[in-house]
Amino acid sequence: MRALLFLLSLGIAAASYAQSANPFVPPAPAVAAKSYLLLDYHSRQALASRNPDARVEPASLTKLMTAYLTFAALKQKQIQPAQAVPVSERAWKAEGSRMFIEPRKPVTVDELMRGMIVQSGNDACIALAELIAGSEDAFAQMMNREAQRLGMKDTHFVNATGLPDPQHYSTAHDLALLAAALIRDFPEYHPLYSLKEYRYNNITQANRNRLLWSDPTVDGMKTGYTENAGYSLITSARRGERRLISVVLGAASEAVRAAESQKLLNHGFQFYDSVKLYGKSQPVASLPVWKGSGNSVKAGFLDDLYVSLPKGRADGLKANLESRQPLFAPISAGQRIGVMKLALDGKPYAEIPVVALEAVTLAGIFGRGWDSIRLLFK
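Residues numbered from 1 in each chain as written. Predicted model: local features only at pLDDT ≥ 70, side-chain atom pairs only at ≥ 80, totals over all residues. Heavy atoms only, no water.

Counting its secondary structure elements, the protein contains nine helices and 16 strands. Projected onto the principal axes, the alpha-carbon positions of the protein cover approximately 80 × 50 × 35 Å. Here the protein, with 378 residues, has 51% of them falling under the buried criterion. Counting every atom, the protein has about 16600 Å² of accessible surface; 52% of that belongs to carbon and sulfur. Put simply, the protein has 43 plus and 34 minus side-chain charges, and the middle of one group is 5 Å from the middle of the other. (Helix = DSSP H or I, 4+ residues; strand = E, 2+ residues; numbered from the N terminus. Buried < 20%, exposed > 50% of the residue type's maximum accessible area, 1.4 Å probe, protein only. Areas by Shrake-Rupley, 256 points an atom, 1.4 Å probe, with all protein chains shown as cover. Lys, Arg positive; Asp, Glu negative; His and termini not counted. Charge placed at Lys NZ, Arg CZ, Asp CG, Glu CD.)

Laid out in structure tokens, this is it:
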């Protein structure tokens, strides 16, 4: 089995996982795709992958970023769901899949979102981009800034639709980051991705994600296709308290991308558990501090800490905190001050950064002097 990987830039620092096969988990299934990745949403670990950093044409998977920025604009009250949106000639004449908006027919933000998500309408994406940024080119610049903020280091956008361009690319790794960020940051809009059809302008179009019909635990997210990219699918599924995200890129057909995605999801749910180790901002230790306004600092994690483990092996997990000593003030909240080393059945499994949960300012001159003297005898 491929070693577990940890995805970056989802609000916490990177962790490293032992590069050894796990004897308690069968090998990941063979997947007929150019690249793929299976992500545990809570632990942020990749449970299986092949070529996750290979640059590919994302096609309509691009629309996850268009949606992310649309949801952000709604959250910031820059636009409103019921707001009427003018339809430009550029949007009206968009190539590829469409929801069939018209220049002289009123359309709302809410309708455009459904047209973008369910019908994969390129016209809807362009209309939203022009509403939010003034032009699709300006919107693409926003997309790239957001991609960098999310840690999508091998991604570049030139449009809001995913239409082919040599400078428009992404990776399975980056697209998994984006899908997870969308669910995490805008959970109120995620149910839109489970809609099986949408009707606009007297035309009903079905969602192209076949797994919405065949697996009741699947609740999204997006399909993509171009002749060069092949058939791609990002799928989100929830069974009990666990959520997995699969990214399958470059399959041979709609049926293949659905079947290969289902394989990955079944593998992850069947052979892994997501175990919560510590809660958000829960102190895991109090570490001594020198030359500070306080003598100690609370250490922990800025988000809930989950780890993916072979099913039924949680009892074999041991945690050991190693801190940087001596630890000197000033210390800022969120500053890395140690590492949590995890061992599974006595073998190294993971190293996860531990941060300060509070700030410790510098002590006065007398306090610093006293600690300097103490350190001479320590």
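When two helices pack together, their arrangement is captured by the angle between the axes and the distance separating the axes. Running from amino to carboxyl end, helix α1 (residues 63-75) crosses helix α6 (residues 172-185) at an angle of 25°, the nearest separation of the two axes being 10 Å. Here α6 runs roughly parallel to α1, going by the angle between their axes. Handedness of the crossing formed by α1 with α6: left-handed. Along the contact surface, α1 presents Leu64, Met65, Ala67, Tyr68, Phe71 and Lys75, while α6 presents Leu178, Ala179, Ala181, Leu182 and Asp185. Residue composition of the contact of α1 with α6, by class: nine nonpolar, no polar and two charged. (Axes fitted to C-alpha atoms, helices over the stretch in contact; angles between N-to-C directions. Parallel < 35°, antiparallel > 145°, perpendicular 65-115°, else oblique. Left-handed = near helix turned anticlockwise from the far one by under 90°. Contact = heavy atoms within 4.5 Å. Nonpolar A, V, L, I, M, F, W, Y, C, P; charged D, E, K, R; others polar.)

Position of Ser308 relative to the elements: it lies in strand β13 (residues 305-310). Residue classification places Ser308 among the buried residues on the basis of a relative accessible area of 0%. A distance of 2.6 Å separates a polar atom in the side chain of Ser308 from a polar atom in the side chain of Ser43. (Polar contact = N/O pair within 3.5 Å; in protein donor to acceptor, adjacent residues only side chain to side chain.)

Volume-wise, the largest pocket comes out at about 350 Å³. The wall of the largest pocket is formed by 21 residues, among which Ser60, Gly96, Ser97, Tyr225 and Thr226 lie closest to the centre. Taken together, the elements giving at least two residues each to the lining of the largest pocket come down to β7 (218-226) and α8 (254-271). Considered class by class, the residues forming the lining of the largest pocket number five nonpolar, 10 polar and six charged. (1 Å grid on protein atoms, 1.4 Å probe; cavity = no way out; pocket = protein on both sides within 12 Å on 5 of 7 lines; lining within 4 Å. Points joined across faces, edges and corners; volume = space filled by probe spheres on them.)

Here the focus is the confidence of the model for the protein. Taken as a whole, the protein shows an average pLDDT of 92; of its residues, 93% reach a score of 70 or greater. Low pLDDT (under 50) marks residues 1-14, which in the prediction has 55 contacts with non-local residues, meaning those over four places away or in another chain. (pLDDT = per-residue confidence, 0-100.)

Moving on to the packing of aromatic side chains. One pass over the full model with this rule turns up five aromatic pairs. When the centroid spacing of 5.0 Å and the interplanar angle of 80° are considered together, the rings of Tyr68 and Phe186 count as edge-to-face. Residue Tyr68 is found in helix α1, and its partner Phe186 is found in the loop between α6 and β5 (197-200); the two are separated by 118 residues along the sequence. The two residues Tyr68 and Phe186 agree in class, both being buried. Each residue in the set Tyr68, Phe71, Phe186 and Tyr189 is aromatic and connected to the rest through ring pairs, giving one cluster. Stacked on the ring of Tyr200, the Lys or Arg Lys105 has its end atom at 5.4 Å from the ring centre. (Phe/Tyr/Trp six-rings, centres within 6.5 Å; stacked < 30°, edge-to-face > 60°. Lys NZ or Arg CZ within 6 Å of the ring centre and 35° of its normal.)

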